[in-house]
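Below, each chain spelled out in residue letters.
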Amino acid sequence: MIVHRLDCDELHARVDALADLLVDTVHGGASIGFLAPLDRADALAWWKERAAAVAAGQLAVWAAHDGERVVGTVSLAFPDKPNSRHRAELVKLMVHRDARGQGLGRTLLTTAEEAAAAAGITLLHLDTETDSLAEHLYRAAGWTCIGAIPDYAAAPDGVLRPTSIYFKKLGPSSPVR
């Protein structure tokens, strides 16, 4: 399994495989912002819309692939405001149902954390469905839950579910330039 950061051209080259992963993840019940059934054309459009943010450096996307098949991904979204350049949001950690239970989620999470630290990011944050498998991953990786918001988002089946908010400090805080 190879994990690497995608530039804009690589994102375009792998957009079909990324869309397949997104559809599989949503159909597998992961609450990542979409309702089931997710149409493949909508998944393709969503990934294509990410390209401009990748090109602008506002979004970093890593993909785990086995040949041409993308089996996992994770992204970091970087704020554009001067007072928040020390932090990033971990978004859209996805692992294909066929690749779960093999440590890929942890590998993707570690990849994003290490890249953030190398870029000078000292604080990461995320939200995830309360009591989900993802929540257990974040707790095991040392993330801190600050609370849950009831009925925050609909799960893929349309039922409103609570969302837990997490953060992780990556290094010593320093003044923002």
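The rules we used
- Residues numbered from 1 in each chain as written.
- Predicted model: local features only at pLDDT ≥ 70, side-chain atom pairs only at ≥ 80, totals over all residues.
- Heavy atoms only, no water.
- Axes fitted to C-alpha atoms, helices over the stretch in contact; angles between N-to-C directions.
- Helix = DSSP H or I, 4+ residues; strand = E, 2+ residues; numbered from the N terminus.
- Parallel < 35°, antiparallel > 145°, perpendicular 65-115°, else oblique.
- Left-handed = near helix turned anticlockwise from the far one by under 90°.
- Contact = heavy atoms within 4.5 Å.
- Nonpolar A, V, L, I, M, F, W, Y, C, P; charged D, E, K, R; others polar.
- Expected span 1.5 Å × (residues − 1).
- Buried < 20%, exposed > 50% of the residue type's maximum accessible area, 1.4 Å probe, protein only.
- Polar contact = N/O pair within 3.5 Å; in protein donor to acceptor, adjacent residues only side chain to side chain.

Colleague: Provide a residue-level description of the packing of helix H2 (residues 15-27) against helix H3 (residues 40-55), including the pertinent values.
Modeller: The geometry of a pair of packed helices is captured by two quantities: the angle between their axes and the separation between those axes. Close contact between H2 and H3 brings their axes to 8 Å; oriented N to C, the two are set at 120°. Put simply, H2 runs oblique to H3. Crossing geometry of H2 relative to H3 is assigned as right-handed. Residues Val 15, Asp 16, Leu 18, Ala 19, Asp 20, Leu 22 and Val 23 of H2 form the contact with H3, whose participating residues are Arg 40, Ala 43, Leu 44, Trp 46, Trp 47 and Lys 48. Looking at the contact of H2 with H3 residue by residue, the classes come out as nine nonpolar, no polar and four charged.

Colleague: Break down H2 for me, with residues and values.
Modeller: A rise of 1.5 Å per residue sets the reference length of H2, with its 13 residues, at 18 Å; its end C-alpha atoms lie 18 Å apart and thus fit the reference within 8%. Along H2, 10 of the 13 residues are buried, which leaves the element largely enclosed by surrounding structure. Within the span of H2, buried status applies to Val 15, Ala 17, Leu 18, Ala 19, Leu 21, Leu 22, Val 23, Asp 24, Thr 25 and Val 26. Packed against the buried residues of H2 are strand S1 (2-6), helix H1 (8-13), H3, strand S3 (69-77) and strand S4 (87-95). Where H2 ends, the next residue or the one after it, Gly 29, has phi of about 100°, a positive value.

Colleague: Please provide a residue-by-residue account of the side chain of Lys 168, values included.
Modeller: Looking at where Lys 168 falls in the secondary structure, it is placed in strand S7 (residues 160-169). A relative accessible area of 16% places Lys 168 in the buried class. In terms of polar contacts, Lys 168 uses its side chain to reach the side chain of Glu 113, at 3.2 Å. From its side chain, Lys 168 meets the backbone oxygen of Ala 141 in a polar contact 2.6 Å long. Beyond its immediate chain neighbours, meaning those up to four positions away, Lys 168 contacts Glu 113, Thr 122, Leu 123, Leu 124, Ala 141, Gly 142 and Trp 143.

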